[in-house]
Amino acid sequence: MKAIEIENLNKIYNNRVQALSDVSFYVSEGEVFGLVGPDGGGKSTIFNILATLLLPTSGQASVLSRDVVNDAKIIRQLIGYLPGVFSLYPDLTVEENLIFFATMYKSRIKDNLPLIRPIWKQLVPFKDRRAGKLSGGMKQKLALCCALIHKPALLLLDEPTTGVDPVSRAEFWDILTNIQKQGITVLVSTPYMDEATRCDRIALIQEGKIIKIDTPTNIMEAYRGFLYTIKVENVFSVMEKLKEFDFPCNYYPYGQELHIAFYEAPEIVLQKFCSFLREQNIKFEELSPIQPTIEDCFIELVKLK
Amino acid sequence: MRELLMILRKEFIHIWRDRITLLLVLALPIVLVLFFGFTISTEIKNAKISVLDLSNDSKSKILLNKIAASNYFQIVSYPNSESEIDFDFKNKNIKLAIIIPSNFENKLEVEKKATIQVISDVSDINVASVLNSYFRVIINDFLNENYVTNSEAATFEVITQMLYNPEMKSVYMFVPGIIALIMIIVTALMTSITLAREKETGSMRMLLITPVKKVYIIIGKIIPYMLLSFICTLLIIIISVWVFNMPVEGNLAFLLFLCFVFMLTSASFGMIISALVRTQLDAMMVTMMGLFLPTVLLSGFLFPLDNMPQLFQALAHFFPAKWFIIAIKDVMIKGSGFMEIWKYLLILFIMACILITISLIRIDKKE
């Protein structure tokens, strides 16, 4: 069975801004499905429509076999939603927030304690602290607890790790894996490409369009270029000079390094590239082939489109 | 039901933990009543006057003593001619000059008609009209005391009879107005700001996607602020009765019921405002400009409605404060009951019903 089915979904805000154009995908039950893409790509719009907070302009969307427009009330009881911005009450304590949302869902904390226990255990030392005073990671854990408190069949997590430190991010994903084991389907979005590999399947989304849907492994295997990393002193001045290098290639900054992908006859182009660097007097430390990450794949897919 | 109690509890926690706002809200009515009571006053004490007594007989003496004995006037000079009166106006800052005709006693007793000339400084219209009224009251008293046993005296002209507020105490005028203002601030403003805050921070979305009934969300928002506003109203009434001797002629329970209905109306105005705006700041601006200002200007609280252009008089009908102030004045000062003011109650109640219904529809509206 499908937990989410979306067909030709369109959303136009104020008759002007096209936030989604012809988005179609499905999420199987028990899957962790990732929406990956830069900010402003339409991820939050999809979440808002699925959470029945926003009406689609056209197209179909169903959650747990129920239509988001007509069966909003039923859907609301079956899903847990964690919005992109912290939306709990900052002046209520951790425990008060949890009790409040449990009551709103006609549920009690003790009924679903087993489900949230691993997260709740980390929150217990802070249970009398006001939610607004928590760290970013703790805030998200509390929000997740509140979203899980009524044992939803589907979790919608809109950028749960944005603004969270790397250690807490890794922890958060461990928690998600755990939640998946309890049979809960998870739709999660993230702007961090490295997190995409932790999903069963991902959809790469940009400017309201889905570029690719597949498992992270398949997406990485489908990478067509030959990717090299090069360490230079000033990435951007080198990129400026590379404009004169007229063999087909694709280069972009990647952290402190520069990634460059060649598409035809990599050995020959690589030699040309090395001599080009020497001609231009560009000093570089390291030039070595690497395995593409999801981010490299994403960039390739965007450029080739 | 458990959900409603939980929403109420949450709302009280918000109020309790925001100490500064809570203190401000409770201090505001006290400060406003004391401020208006002691400073902004249309009541005038010890106005300087001149008296030109052309008859100088026993009756004119009695009248002058009476004037001097009142708190309202202070006789600063006794000019000898009318031209000296003019001098007094210019140099002694008198507000009023009184000329008692010659043969005053004789005219009163024989001709049964005497004319006292009153000259006022009308550069400040309000002061002049208030002083004129005070003077008429004193003349009235004078006639009653001196000629009431005399059957012939019944033929005297009675100038004005001032009802309900014979001393024209300003406290009677502004206490109802302040109650209205405070209730607008506490119920309408606070309701709209806190609702807009929930919209702004996103917690409203979290609430909306829970299965909780929308009515509970709205009731849960209104009740705490109505309660707070109720406390403020009690504070205002207690201070105005104790400090300023404001009468409460009508039934106190009925008075509080009237306040309750008005609170409901202003809370519903707050709800509808928050439904129209996106941020707390907008909510505040709209409530101040759209509700608070009209309450000050168009309710008849500070400026009489009868003197306004037709357009503004018509506009005033749409703001709840006008109806409330008419009703509460009737209850507090005239002692009116339900039968006299049911019309105003009904208007306020209908306003509240319409606005709450619209808010209920709007709260869940999706783009």
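Owing to the predicted nature of the structure, the values given are computational and were not obtained by experimental measurement.

1. Quick look at the overall build of chain B
- Tallying secondary structure elements over chain B gives 14 helices and four strands in all.
- The C-alpha radius of gyration computed for chain B amounts to 27 Å, which surpasses the reference 21 Å derived for 367 residues by more than 25%, pointing to a less compact arrangement than a globule.
- Each principal axis of the C-alpha distribution contributes one length, and for chain B these read about 90 × 45 × 40 Å.
- Counting every position in chain B, which comprises 367 residues, the buried fraction comes to 50%.
- Residue pairs in contact within chain B that sit at least 24 positions apart in sequence constitute 78% of those at least 6 positions apart.
- Carbon together with sulfur atoms contributes 64% to the accessible area of chain B, which is approximately 18100 Å² in total.

2. Describing the overall build of chain A
- Scanning chain A from N- to C-terminus turns up 11 helices and 14 strands.
- Considering chain A as a whole, with its 305 residues, one finds that 53% of them fall into the buried category.
- Considering only intrachain contacts with a sequence separation of at least 6, the fraction spanning at least 24 residues in chain A is 70%.
- Surface accessibility of chain A: about 14100 Å² in total, with carbon and sulfur atoms responsible for 49%.
- Both charge centroids of chain A, one from 34 positive and one from 37 negative side chains, sit 7 Å from each other.

3. Looking at the nonpolar core
- Membership of the largest hydrophobic core comes to 173 residues, with the highest contact counts inside it found for A:L50, A:L144, A:L156, A:L187 and B:F324.
- With 17 residues, helix α7 (residues 170–201) of chain B is the single largest residue contributor to this core.
- Beyond its immediate sequence surroundings of up to four residues, B:F324 is in contact with B:P176, B:I179, B:A180, B:M183, B:L258, B:C259, B:F262 and B:L348.
- With 24 residues, the next largest nonpolar core counts B:L64, B:I67, B:I100 and B:I139 among its residues.

4. A word on the domain arrangement of chain B
- Structurally, chain B comprises domain 1 (2–40 + 170–363) and domain 2 (47–155).
- On a C-alpha basis, the centroid separation for the pair domain 1 of chain B and domain 2 of chain B is 46 Å.

5. Observations concerning the interface of chain A and chain B
- Facing 31 residues of chain A, the contacting portion of chain B comprises 25 residues.
- Across the interface of chain A and chain B, roughly 2900 Å² is buried in total on both sides, 59% from carbon and sulfur atoms.
- Summed over the three residues of chain A that lose the most area to chain B, namely A:R76, A:Y89 and A:M104, the buried surface amounts to 22% of that side.
- Applying the counting criterion to the chain A and chain B interface returns two salt bridges.

6. Structural notes on the packing of aromatic side chains
All names here are of chain A.
- Inspection of every chain in the model, using the stated rule, returns 16 aromatic pairs over all chains.
- Judged by centre distance (6.2 Å) and plane angle (15°), the rings of Y89 and F101 are stacked. Here Y89, found in the loop between β6 (79–82) and α3 (94–104), pairs with F101, found in helix α3; they are 12 residues apart in sequence, far enough to count as distant. F101 shares its class with Y89; the two are buried.
- Among the aromatic residues, ring-to-ring pairing joins Y228, F245, F247, F262, F273 and F276 into one connected group.
- Positioned above the aromatic ring of Y26, the side-chain terminus of K2 is 4.9 Å from the ring centre.
- Across from the ring centre of Y26, 4.5 Å away, lies the NZ or CZ of R201, which sits over that ring.

7. Thoughts on the confidence of the model for chain B
All names here are of chain B.
- Predicted confidence across chain B gives a mean pLDDT of 83, with 91% of residues reaching 70 or more.
- Of all helices and strands in chain B, the one with the weakest mean pLDDT is helix α6 (residues 125–147) (78), whereas helix α1 (residues 2–17) scores best (92).
- Taken as a whole, residues 151–163 scores under 50 in pLDDT and shows 18 contacts with residues more than four places along the chain or in a different chain.

8. A short note on the pattern of salt bridges
- This structure, assessed with the given rule, holds 18 salt bridges over all chains.
- In this structure, the salt-bridge partner of A:K43 is A:E159, at a minimum N-O distance of 3.3 Å. Taken together, the positions of A:K43 in helix α1 (residues 43–50) and A:E159 in the loop between β7 (154–157) and α6 (166–181) put the pair 116 residues apart, joining distant regions of the chain.
- With a relative accessible area of 12%, A:E159 lands in the buried category.
- Between B:K92 and B:D88 there is a salt bridge, with its nearest N and O atoms 3.9 Å apart.
- The exposure class of B:K92 is partly exposed, given its relative accessible area of 36%.
- Judged by relative accessible area, B:D88 falls into the buried class, the value being 3%.
- Beyond isolated ion pairs, a larger network of salt bridges with shared partners links B:K10, B:E11, B:E198 and B:K221.

9. A look at the sheet that holds strand β1 (residues 47–53) of chain B
Residue and element names in this part refer to chain B.
- Judged by pairing direction, the sheet is mixed, and its four strands sit side by side in the order β2-β1-β3-β4 without closing on themselves. Two strands bound the open sheet, and with one partner strand each, they are β2 (73–77) and β4 (117–120). On average, each strand axis in the sheet is inclined to that of its neighbour by 30°, with strand direction left out of account.
- Judged from the four bridges that link them, strand β3 (residues 96–100) and β4 form a sheet pairing that is antiparallel. Paired with I99 across the bridge in β4 is Q117.
- In the packing of helix α3 (residues 58–69) onto the sheet, contacts are made with β1, β2 and β3, and the angle to β2 comes to roughly 115°.
- On top of the sheet, helix α4 (residues 82–91) reaches β1, β2, β3 and β4; it is set at about 165° to β3, its chief contact.

Scoring rules and cut-offs
- Residues numbered from 1 in each chain as written.
- Chains lettered and ligands numbered in written order.
- Predicted model: local features only at pLDDT ≥ 70, side-chain atom pairs only at ≥ 80, totals over all residues.
- Heavy atoms only, no water.
- Helix = DSSP H or I, 4+ residues; strand = E, 2+ residues; numbered from the N terminus.
- Rg over C-alpha atoms; globule rule 2.2 N^0.38 Å.
- Buried < 20%, exposed > 50% of the residue type's maximum accessible area, 1.4 Å probe, protein only.
- Contact = heavy atoms within 4.5 Å.
- Areas by Shrake-Rupley, 256 points an atom, 1.4 Å probe, with all protein chains shown as cover.
- Lys, Arg positive; Asp, Glu negative; His and termini not counted.
- Charge placed at Lys NZ, Arg CZ, Asp CG, Glu CD.
- Core = buried A, V, L, I, M, F, W, Y, C linked by side-chain atoms within 4.5 Å.
- Domains from an automatic or database assignment.
- Buried area = accessible area lost by both parts, 1.4 Å probe.
- Salt bridge = Lys/Arg side-chain N within 4 Å of Asp/Glu carboxyl O.
- Phe/Tyr/Trp six-rings, centres within 6.5 Å; stacked < 30°, edge-to-face > 60°.
- Lys NZ or Arg CZ within 6 Å of the ring centre and 35° of its normal.
- pLDDT = per-residue confidence, 0-100.
- Pairing = 2+ DSSP bridges.
- Axes fitted to C-alpha atoms, helices over the stretch in contact; angles between N-to-C directions.

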